[in-house]
Amino acid sequence: MRLKYAALAIGALVLLGSCELNLGNQAEGTITLNLGGGPASRAFSDAPFDGLPVFSSITVTVSGSGMPTASQTVPGSASSISLQVPAGPARKVEVYAAADWASTPQTPQPTLAKAFGGTAVVDVAGGQTVSVALDMGVVETKILLPDSYYSIWSTADSITAAPDSLDWTYWGGFFQFDRFGRLITLDYQDGLVLYNSPYDAQYLGATYPVAPFVYDPSEDGLFIAGSGSSLTFVDSSFTTSSLDLDQVFETVDAIAVDDEGYVYLAGYDRVGKYRVDLVQGTASQVGSATYESLGLGYWTTYLGQDLQPVPYFQTLEVRDMTVKDGRLFIAVAGQDNGYYHGKIVEVHRAELSKVREIGWSPTSPTSPTTQFYGPTRFLALAPRKLIVSDEGYIDGTGNVNRVIAVDIEDWAFSGVGLEGASEFFYDFGAAY
């Protein structure tokens, strides 16, 4: 399934213009997007509901080397938008269209989705106009606040907003958003469940293995990472097939998929990258890296038989993994000697090598606005940001439960909030 929006086309990015860049003698060119206009023009034929929502506003941003970022916001009813930008190669065009569900007549409504959008990269020649078409999908959602302690869900519009008063059942399982903004959950109580909105659930069956899973927008399906030698793939009609792994994971702690269809598994002490062939029913490993090489832990020492310190690498627990803006991120955490700490590591997808990390403290955080107690799960979609639950324990205070926003461009915490809004996944006062 694909979303399309008027002249915003389906499938691979369609760039309307010359394949070769000729800057000419003029310093600027024009980028144009046809936005359609009105709810009727937003309809698409293969979605699970009648069409994209009415938009309250549409923002187009253009960035690239050697140019200041250009941005323009128009009403959601606008039929087109044009921006003059400096001529040059590889101009990144981003669309952010805020959903107005209250004005949208379609049903059902995936109201956890806050905005839809897409990205294209084009060359802009001097004095010429380039028309752009791009894929559309959900780019921002509400923040999920799953509360394992009370077996309920709630949500928040942002990390600074008050949680809503929802009280819908949660059984401690795994969850993903699909490209339409619908929530998919998998747990022992209800199996696989598809939510258009908190109280609009489709129960799809409990025959699936309850394990980490990931939604693949290119296949519009799910990869479920059961233990052993196979992956389970569930397509959009909820037909199940098994994929044989040529390299076995005894346990799988996290799974991710990139925009090229490669699947990543993390378990025990390594991360593997797999090329998937759904026709042949195989998943072939094309890369592997140890937790140590990726920095998914830290160096410490123990006393040897001669009472001299011996260095060793202490791995942390992989809690979650995701691909965001083409980058692979892994959340890890641990508790030792009374310390609760963790970090998020960015991994180079092609080389499976460490790029950078954020949030680490050798002890429990001494700077809670820049360090994690223990990142647990990615909770929402947001442009240029990772939204993650952070959990730990402070003596004399009790459990720490909060939400962190990490700006992946600035590589810094851009917000800390929703403290105590949910018990999330761990009760450290009882057991780790």
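Residues numbered from 1 in each chain as written. Predicted model: local features only at pLDDT ≥ 70, side-chain atom pairs only at ≥ 80, totals over all residues. Heavy atoms only, no water.

Visitor: Kindly report on unusual backbone geometry, identifying the contributing residues and their values.
Guide: Phi is positive for Leu 418, close to 50°, though the residue is something other than glycine. Note that Leu 418 resides in the segment after β35 (412–417). Not every positive phi belongs to a glycine, and Phe 424 is a case in point at roughly 55°. In this structure, Phe 424 sits in the segment after β35. (Helix = DSSP H or I, 4+ residues; strand = E, 2+ residues; numbered from the N terminus.)

Visitor: Explain the pairing of strand β33 (residues 385–394) residue by residue, including any values.
Guide: Most of β33 sits inside the fold, with seven of its ten residues counted as buried. In this sheet, β33 lies alongside strand β32 (residues 375–382) in antiparallel orientation, the contact comprising five bridges. Each residue of the ladder has a partner; that of Ala 382, found in β33, is Lys 385. Hairpin connection of β32 to β33: two residues between the antiparallel strands, including Arg 384 at a positive phi of 65°. Of the strand pairs in this sheet, β33 and strand β34 (residues 398–407) are connected by ten bridges, and their pairing is antiparallel. Across the sheet, Ile 387 pairs through a bridge with Ala 405, a residue of β34. Connecting the antiparallel pair β33 and β34 is a turn made up of three residues, with Gly 396 showing a positive phi of about 85°. (Buried < 20%, exposed > 50% of the residue type's maximum accessible area, 1.4 Å probe, protein only. Pairing = 2+ DSSP bridges.)

Visitor: A description of empty space enclosed by the protein should follow, citing residues and the corresponding values.
Guide: Per the counting criterion, the structure on display carries one cavity of 30 Å³ or more. Put simply, the largest cavity is a space of about 30 Å³. If you trace the largest cavity, you find it lined by Trp 153, Thr 169, Tyr 170, Thr 185, Asp 187, Asp 190, Val 193 and Tyr 195. Looking at the lining of the largest cavity, its residues break down into four nonpolar, two polar and two charged. (1 Å grid on protein atoms, 1.4 Å probe; cavity = no way out; pocket = protein on both sides within 12 Å on 5 of 7 lines; lining within 4 Å. Points joined across faces, edges and corners; volume = space filled by probe spheres on them. Nonpolar A, V, L, I, M, F, W, Y, C, P; charged D, E, K, R; others polar.)

Visitor: How would you sum up the pattern of salt bridges? Please name residues and give values.
Guide: On inspection of all chains with the given rule, the structure shows twelve salt bridges. Close ionic contact of Lys 343 with Glu 357 constitutes a salt bridge, the shortest N to O distance being 2.9 Å. You can see Lys 343 sitting in strand β30 (residues 339–348) and its partner Glu 357 sitting in strand β31 (residues 353–358), a full 14 residues away along the chain. We note a salt bridge from Arg 402 to Asp 390, for which the minimum N-O separation is 2.8 Å. Of this pair, Arg 402 sits in strand β34 while Asp 390 sits in strand β33, placing them twelve residues apart in sequence. Put simply, Asp 258, Glu 260 and Arg 349 are held in one network by salt bridges that share partners. (Salt bridge = Lys/Arg side-chain N within 4 Å of Asp/Glu carboxyl O.)

Visitor: Provide a residue-level description of the side chain of Ser 361, including the pertinent values.
Guide: Topologically, Ser 361 is positioned in the loop between β31 and β32. On the basis of relative accessible area, Ser 361 is assigned to the buried category, the value being 1%. Polar contacts involving the side chain of Ser 361 include one to the main-chain carbonyl oxygen of Ser 364, which spans 3.5 Å. (Polar contact = N/O pair within 3.5 Å; in protein donor to acceptor, adjacent residues only side chain to side chain.)

Visitor: Can you tell me about the sheet that holds β34, naming the residues and giving the values?
Guide: The strand order across the open sheet built from four strands is β32-β33-β34-β35, with neighbouring strands paired in antiparallel fashion. Strands with a single pairing partner mark the edges of an open sheet, and in this sheet they are β32 and β35. Direction aside, the axes of adjacent strands within the sheet are offset by 30° on average. The sheet contact formed by β34 and β35 spans five bridges and is antiparallel. Bridging from a neighbouring strand, Val 403 pairs with Gly 417 of β35. (Axes fitted to C-alpha atoms, helices over the stretch in contact; angles between N-to-C directions.)

Visitor: Can you break down the sheet that holds strand β3 (residues 55–63) residue by residue, with the values?
Guide: Across the sheet, which stays open at both edges, the five strands sit in the order β4-β3-β6-β7-β9 with antiparallel pairing between neighbours. Each having just a single partner strand, β4 (70–75) and β9 (137–141) make up the two edges of the open sheet. For this sheet, the mean angle separating the axes of adjacent strands, direction not counted, is 25°. Sheet topology note: the β3/β4 ladder contains six bridges and is antiparallel.

Visitor: A description of the pairing of strand β28 (residues 317–324) should follow, citing residues and the corresponding values.
Guide: As paired elements, β28 and strand β29 (residues 327–336) share seven bridges and run antiparallel to each other. Looking across to β29, one finds that Val 323 is bridged to Leu 328. What sits between the antiparallel neighbours β28 and β29 is a turn of two residues, in which Asp 325 has the positive phi angle 50°.

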